[in-house]
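# Structural overview
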Amino acid sequence: MSADEDPTADFLAGVRAEETPWRQDRPAGEPAPERTERPSKWNRVAQAAPYVQAAALVAWLASGAFDDGSGSGNSS
């Protein structure tokens, strides 16, 4: 096999995807596209996140407080 023949490079060239338009550089002077706003659903989720975390912490603490100590071990 000569140095010019590389079957791996040929294979990769054949299966390589075309460059997507959103990954290409913008021409100089063209304005950047405007960012879209997040849907209001995500704003509600972000507002509720601390309450969900607090509820999980309270549930974890309560599970330890109400543990009867029996566990999985056998105490004679």
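Structural data are supplied above this passage.
Each value, and the rule that gives it
Residues numbered from 1 in each chain as written. Predicted model: local features only at pLDDT ≥ 70, side-chain atom pairs only at ≥ 80, totals over all residues. Heavy atoms only, no water. Helix = DSSP H or I, 4+ residues; strand = E, 2+ residues; numbered from the N terminus. Buried < 20%, exposed > 50% of the residue type's maximum accessible area, 1.4 Å probe, protein only. Areas by Shrake-Rupley, 256 points an atom, 1.4 Å probe, with all protein chains shown as cover. Patch = residues over 30% accessible without salt bridge, like charges linked within 9 Å, V, L, I, M, F, W, Y side chains within 5 Å. Salt bridge = Lys/Arg side-chain N within 4 Å of Asp/Glu carboxyl O. Lys, Arg positive; Asp, Glu negative; His and termini not counted. Charge placed at Lys NZ, Arg CZ, Asp CG, Glu CD.

What follows covers the overall build of the protein chain. The helix and strand tally for the protein chain stands at two helices and zero strands. Of all 76 residues assigned to the protein chain, the portion counted as buried reaches 0%. As displayed, the protein chain has an accessible area near 7,800 Å², and 55% of this comes from carbon and sulfur atoms.

Together, D4, E5, D6 and D10 make up a region of like negative charge exposed at the surface. Tracing the chain through its elements places D4 in the segment before α1 (7–15).

This part takes up a nonpolar patch on the surface. On the surface, F11, L12 and V15 cluster together into a nonpolar patch covering about 300 Å² of accessible area. Position of V15 relative to the elements: it lies in helix α1. Overall, V15 belongs to the exposed group, its relative accessible area being 51%.

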